[in-house]
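Here is what each chain is made of, one letter per residue.
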Amino acid sequence: MLTLEAIRQAAFAVGLDDVGVAPATRLEDDAAFMEQWMVDCGLKTQPDQDKLWYLTLNREKRYDPRVLVPGTQTVLVGVLTFAHSGRDYHRTMKSKLYALEAQLKEIAGPDIVSSDYQHIFCDSAPFLERRWAQQAGLGFIGKNHTFIHPTLGSLIHLGELCLTIPLSSILNPQSSLPPYEGGPERVSCGSCRRCIEACPRGVLGKDTWDVHQCIAYETNECLICQNSCPYNEKSQ
């Protein structure tokens, strides 16, 4: 029988830094938010007009993993810190998720994943990975819009493995989600404003986050808001 405890043991054995699971469903609130956000930010639909044009495509797949991978009932999210991600985090994460899949098949059989559809992802499909990591009890989305793990911080990569078995068959009465004690009041930004104050362009903390104004939109990398985060101080 596949249990959350077995999944976590297998995940750590293949080298993941953490793992969580969540029931697959349509992310209704996120879908409504994304549709309005794309309008508010004036997102363009052509690659020569906007680097984020791809967000206007495959929207229903992005909002519902069951559309992306038919038969999905549970989303498994893996976590890797930057330090453990190698030169190409996409390959490193996927290799570990494939190794995890192999171990889980040994426990629960080959039918726990789709044989007809690609079901392992790391920045390679329309997937709202930060929200799924939150749904899986791994942390929260911070004021700097990055996903923050309570002990690993935000200098992490996320990957997903879509399972065809329901979450109810994985969790036992002793299991709980999220796995961190204390509830959201202990795992959040609280009153901290370090990233907002550190943002060189004053983009954070506004009602609408216009990603086009962020330095990372131009350079694909800007760690100012993350380096200022106290959760990353804890993870050192």
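Values in this document were obtained by computation on a predicted structure and should not be read as measured data. (Residues numbered from 1 in each chain as written. Predicted model: local features only at pLDDT ≥ 70, side-chain atom pairs only at ≥ 80, totals over all residues. Heavy atoms only, no water.)

## Some words on the overall build of the protein
Along the protein, the regular secondary structure elements total ten helices and six strands. Rg of the C-alpha trace for the protein: 18 Å, near the compact-globule value of 18 Å for 236 residues, within the 12% margin. Its C-alpha atoms put the protein at 50 × 40 × 35 Å along the principal axes. For the protein, the proportion of contacts with a sequence separation of at least 24, taken over those separated by at least 6, is 74%. Total accessible area on the protein is roughly 12,000 Å²; 50% of this is exposed by carbon and sulfur atoms. Computed over 22 positive and 28 negative side-chain charges, the separation of the two mean positions in the protein equals 4 Å. (Helix = DSSP H or I, 4+ residues; strand = E, 2+ residues; numbered from the N terminus. Rg over C-alpha atoms; globule rule 2.2 N^0.38 Å. Contact = heavy atoms within 4.5 Å. Areas by Shrake-Rupley, 256 points an atom, 1.4 Å probe, with all protein chains shown as cover. Lys, Arg positive; Asp, Glu negative; His and termini not counted. Charge placed at Lys NZ, Arg CZ, Asp CG, Glu CD.)

## Let's talk about the side chain of Ser 85
Looking at the secondary structure, you find Ser 85 in the loop between strand E2 (74–81) and helix H5 (89–108). There is a polar contact of 2.7 Å between the side chain of Ser 85 and the backbone oxygen of Thr 81. Setting aside anything within four residues of it in sequence, one finds Ser 85 in contact with Leu 80, Thr 92 and His 157. (Polar contact = N/O pair within 3.5 Å; in protein donor to acceptor, adjacent residues only side chain to side chain.)

## Structural notes on the confidence of the model for the protein
With 93% of its residues at a pLDDT of 70 or more, the protein has an overall mean of 91. Within the model, pLDDT remains below 50 along residues 178–186, and this stretch shows eleven contacts once partners closer than five positions in the same chain are excluded. (pLDDT = per-residue confidence, 0-100.)

## Topic: the state of the cysteines
Applying the stated rule across the entire model yields zero disulfides. Here Cys 41 is not cross-linked by a disulfide; its sulfur's nearest cysteine counterpart is in Cys 214, at 11 Å. Judged by its relative accessible area of 8%, Cys 41 falls in the buried class. Cysteine Cys 162 is unpaired, with the sulfur of Cys 122 as its nearest cysteine sulfur at 13 Å. (Disulfide = S-S within 2.5 Å. Buried < 20%, exposed > 50% of the residue type's maximum accessible area, 1.4 Å probe, protein only.)

## Focus on the nonpolar core
Residues Trp 37, Val 77, Phe 127, Trp 132, Leu 138, Leu 158 and Leu 204 are the most contacted members of the largest nonpolar core, which totals 38 residues. Contributions of two or more residues to this core are made by helix H2 (28–40), E2, helix H6 (129–135), strand E6 (156–163) and helix H7 (194–198). The biggest single contributor to this core is H2, with four residues. Grouped together as the second largest cluster of nonpolar side chains are 24 residues, Ala 10, Leu 76, Leu 97 and Leu 161 included. (Core = buried A, V, L, I, M, F, W, Y, C linked by side-chain atoms within 4.5 Å.)

## Here's the deal with the packing of aromatic side chains
Enumeration over the complete set of coordinates arrives at two aromatic pairs. Taken together, a centroid distance of 5.7 Å and an interplanar angle of 40° make the contact between Phe 121 and Phe 127 tilted. As far as burial versus exposure is concerned, Phe 121 and Phe 127 are alike and both buried. Centroid distance Phe 140 to Tyr 231: 5.4 Å. Interplanar angle 65°. Geometry classified as edge-to-face. Here Phe 140, found in strand E4 (residues 140–141), pairs with Tyr 231, found in helix H10 (residues 230–235); they are 91 residues apart in sequence, far enough to count as distant. Over the ring of Tyr 217 we find Lys 51, and its NZ or CZ is 5.4 Å from the ring centre. (Phe/Tyr/Trp six-rings, centres within 6.5 Å; stacked < 30°, edge-to-face > 60°. Lys NZ or Arg CZ within 6 Å of the ring centre and 35° of its normal.)

## Some details on the sheet that holds E2
The pairing of strands in a sheet comes from backbone hydrogen bonds and takes either a parallel or an antiparallel form. In space, the four strands of this open sheet follow the order E1-E2-E6-E3, with antiparallel pairing throughout. Unpaired on one side and paired on the other, strand E1 (18–23) and strand E3 (120–121) mark the two borders of the sheet. Two strands pair when backbone bridges link them, and E3 and E6 are joined in this way by two bridges, in the antiparallel orientation. Residue pairing in the sheet places Ile 120 in a bridge with Leu 161 of E6. Of the strands in this sheet, E1 and E2 are in contact with helix H1 (residues 4–14), which crosses E1 at around 145°. Relative to E6, H5 is tilted by about 35°, and along the sheet it contacts E2, E3 and E6. (Pairing = 2+ DSSP bridges. Axes fitted to C-alpha atoms, helices over the stretch in contact; angles between N-to-C directions.)

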